[in-house]
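Coordinate analysis (summary)
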Amino acid sequence: MGVRSVFDAGEMRRELEKCGVDPHKFLPLIWKHVILKWNHHSSDWGWEKHVPSLPSPAYSLLHSIPPLSSSLHSVFHSNDNLTTKLLIKLHSGDFVEAVIMRYDTRLGKYAGKPRPGGVRATLCISSQVGCKMGCKFCATGTMGFKSSLTSGEIVEQLVHASSFSQIRNVVFMGMGEPLNNYSAVVESIRVMTGLPFQLSLKRITVSTVGIIHAINKLHNDLPGLNLAVSLHAPVQDIRCQIMPAARAFPLQKLMDSLQEYQRNSQQKILIEYIMLDGVNDEEQHAHQLGKLLETFQVVVNLIPFNSIGMLSQFKPTTEQKVSTFQKILRGTYNIRTTIRKQMGQDISGACGQLVVNTPDKSLGNAEPLTDIEDLVI
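These numbers come from a predicted model, not from an experiment.

1. Some remarks on the packing of aromatic side chains
Here the structure, examined in full by the defined rule, presents six aromatic pairs. On the numbers, 6.2 Å between centres and 50° between planes, the contact of Phe-7 with Phe-197 is tilted. Placement of Phe-7 in the segment before α1 (9–18) and of Phe-197 in the loop between α6 (182–193) and β10 (204–208) is noted, with a sequence separation of 190 residues between them. Overall, the relative accessible area of 15% leaves Phe-197 in the buried class. Members of the aromatic cluster, joined through ring pairs, are Phe-7, Trp-31 and Phe-197. The ring of Phe-145 carries the charged tip of Lys-132 above its face, separated from the ring centre by 4.8 Å. Above the face of the Tyr-182 ring, Lys-217 is positioned so that its terminal group lies 4.2 Å from the ring centre.

Here it is in structure tokens:
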């Protein structure tokens, strides 16, 4: 099989080198023109016409490669216009979802003061079609696992999203377990941080349920990357109850690997904790979590459970219990703890809702919110 996408960096570099073309000089140029021109010229695309000044062997190669291997199938906007969900059709015919979330930088704090700036956008990106992890509170887990995306298919989500908003941050919190598609995710991030995208590694977050052997490699491969861990329970038996994959990654071994990761990276780790009524949201769980994390530099993000319809066996925690949980972590253990504001529920774009479907009815409006990366910096 030939090169599927011009954004499959490794394959494109190899093919350009075979043609005697310098990939370091010309590949970013190819990407730049595709990003700038594809949306306006997709119906009459011509490589010579829209990407000038390439060596002739490069054109011979590009004639067999479409500018994008995926297409934008549908777009859904939330009522408040803060969230946009993209349904993207892959070359295989499968679909993935990506979500653009618009935040107000000024709501974040730096050195105790509001950050400068204004509204900008974060892209929540998918790394797989479906997911093997089977988390019982997550809609994607109900799909089962179909396939992993190539690095180019991951990057193309950023290309599609860039036609709607200027993307400053990327979070790998969409469909799939990113560290189960390790090589493609690492390569895609290297593309995003190079020309022409030039995103900062400090503005990219990879979320994982805790794939220990991959966490052990991550800092060496992508120093400066933000790591988020979907912990969701303070003890192993509850984790296994709601996250079947946790059986393969015992909690103590996971915490040991995170300790090593933090020692090497000297960075805060974002801990994601979904609040499930009567399962993991009692005061005793808050104390267990505080003791588990008290030697770490972390930010705990408490996530209100988003319903996934009739498939759900869980109920959301009350606001009062969430607030009490937060106060215990902050007051007793001095752990920075935030409560994630819900975005995109009316288009099934909120945390845990990403599964290929159509949006639900509207649930109303919201004000611009502070962003994940503003929490960990």
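2. Some points on helix α7 (residues 212–221)
Regarding α7, the residues found buried are Ile-212, Ala-214, Ile-215, Leu-218 and His-219. Angularly, the buried residues of α7 cover 150° about the axis, an arc narrow enough to put them on a single face. Exposed side chains of α7 directed beyond 90 degrees from the buried face belong to His-213 and Asn-220. On its buried face, α7 sits against α6, β10, β11 (226–230) and α9 (251–265).

3. Structural notes on the confidence of the model for the protein chain
For residues with low pLDDT, the predicted coordinates do not support detailed interpretation. Confidence in the prediction for the protein chain averages 88 pLDDT; 85% of positions are at 70 or higher. Note on residues 344–354: pLDDT under 50 across the span, and 53 contacts to partners over four residues away in sequence or across chains.

4. Thoughts on the packing of helix α10 (residues 283–293) against helix α11 (residues 319–333)
At a minimum axis distance of 9 Å, the contact between α10 and α11 shows a crossing angle of 35°. Viewed along their axes, α10 and α11 form a crossing whose handedness is right-handed. On α11, the residues that touch Glu-283, His-285, Ala-286, His-287, Leu-289, Gly-290 and Lys-291 of α10 are Thr-324, Phe-325, Ile-328, Leu-329, Thr-332 and Tyr-333.

5. What to know about a nonpolar patch on the surface
Nonpolar side chains collect at one region of the surface, where Leu-72, Val-75 and Phe-164 lie side by side and expose about 190 Å² of accessible area between them. Note that Leu-72 resides in strand β1 (residues 71–77).

6. Some remarks on the pairing of β1
As defined by bridge partners, β1 adjoins strand β2 (residues 83–89) across six bridges and the pair is classed as antiparallel. Within β2, the position partnered with Ser-74 by the bridge is Leu-87. Hairpin connection, β1 to β2: the antiparallel pair is bridged by five residues, and Asn-81 has positive phi, about 65°.

7. Overview of the environment of Asn-39
Mapping Asn-39 onto the fold places it in helix α2 (residues 23–41). Using a relative accessible area of 42% as the deciding quantity, one classes Asn-39 as partly exposed. Considered as a pair, Asn-39 and Val-159 are 120 residues apart in the sequence and their alpha carbons are 9.6 Å apart.

8. Considerations on the sheet that holds strand β12 (residues 269–275)
Sheet architecture is open: 10 strands sit in the order β1-β2-β3-β6-β9-β10-β11-β12-β13-β14, paired in mixed fashion. This sheet does not close on itself; its edge strands, each paired only once, are β1 and β14 (336–339). Between one strand axis and the next, the sheet turns by 25° as a mean value, whatever way the strands run. Sheet topology places β10 next to β11; four bridges connect them, and they run parallel. Bridge pairing links Thr-205 to Asn-226 in β11. Those strands touched by α11 are β12, β13 (298–304) and β14, and its axis lies near 165° from that of β14.

9. Some points on the side chain of Thr-317
Note on placement: Thr-317 falls in the loop between β13 and α11. Here Thr-317 falls in the buried class, since its relative accessible area comes to 12%. Within the local environment of Thr-317, its side chain forms a polar contact with the backbone oxygen of Met-275, the two atoms lying 3.4 Å apart. Within the structure, Thr-317 has its side chain in polar contact with the side chain of Asp-281 (distance 2.9 Å). Setting aside chain neighbours within four positions, we find Thr-317 in contact with Met-275, Leu-276, Asp-277, Asp-281 and Val-322.

10. Digging into the packing of α6 against α7
Direction vectors running N to C along α6 and α7 enclose 20°, while the axes themselves pass 12 Å from each other. The angle between the axes of α6 and α7 places the two elements in the roughly parallel class. For the crossing formed where α6 meets α7, the hand is right-handed. Residues Tyr-182, Val-186 and Arg-190 of α6 lie in contact with α7, whose contacting residues are Ala-214, Lys-217, Leu-218 and Asp-221. Looking at the contact of α6 with α7, its residues break down into four nonpolar, no polar and three charged.

11. Focus: α2
In the structure, α2 departs most strongly from a straight axis at Ile-35, where the bend amounts to approximately 35°. All of the buried residues in α2 are Pro-23, Phe-26, Leu-27, Pro-28, Ile-30, Trp-31, His-33, Val-34 and Trp-38. Against the buried residues of α2 lie α1, α3 (47–50), α4 (56–62) and α6. One side-chain oxygen of the residue at the start of α2 lies 3.0 Å from the amide nitrogen of His-24, identifying that residue as Asp-22.

12. Here we look at the side chain of Glu-177
With respect to the helices, strands and loops of the structure, Glu-177 is situated in the loop between β9 (167–172) and α6. Reaching out from Glu-177, the side chain makes a polar contact with the backbone nitrogen of Leu-179 at a distance of 2.9 Å. Within the structure, the side chain of Glu-177 is placed 2.9 Å from the backbone nitrogen of Val-209, a separation counted as a polar contact. Contacts of Glu-177, omitting those with residues within four sequence positions, involve Ser-127, Gln-128, Cys-131, Met-133, Ser-207, Thr-208, Val-209 and Ile-211.

The rules behind each value
- Residues numbered from 1 in each chain as written.
- Predicted model: local features only at pLDDT ≥ 70, side-chain atom pairs only at ≥ 80, totals over all residues.
- Heavy atoms only, no water.
- Phe/Tyr/Trp six-rings, centres within 6.5 Å; stacked < 30°, edge-to-face > 60°.
- Helix = DSSP H or I, 4+ residues; strand = E, 2+ residues; numbered from the N terminus.
- Buried < 20%, exposed > 50% of the residue type's maximum accessible area, 1.4 Å probe, protein only.
- Lys NZ or Arg CZ within 6 Å of the ring centre and 35° of its normal.
- Arc of directions from axis to C-beta.
- Contact = heavy atoms within 4.5 Å.
- pLDDT = per-residue confidence, 0-100.
- Axes fitted to C-alpha atoms, helices over the stretch in contact; angles between N-to-C directions.
- Left-handed = near helix turned anticlockwise from the far one by under 90°.
- Patch = residues over 30% accessible without salt bridge, like charges linked within 9 Å, V, L, I, M, F, W, Y side chains within 5 Å.
- Areas by Shrake-Rupley, 256 points an atom, 1.4 Å probe, with all protein chains shown as cover.
- Salt bridge = Lys/Arg side-chain N within 4 Å of Asp/Glu carboxyl O.
- Pairing = 2+ DSSP bridges.
- Polar contact = N/O pair within 3.5 Å; in protein donor to acceptor, adjacent residues only side chain to side chain.
- Parallel < 35°, antiparallel > 145°, perpendicular 65-115°, else oblique.
- Nonpolar A, V, L, I, M, F, W, Y, C, P; charged D, E, K, R; others polar.
- Bend = angle between axes of the 7 residues up to and from the residue.

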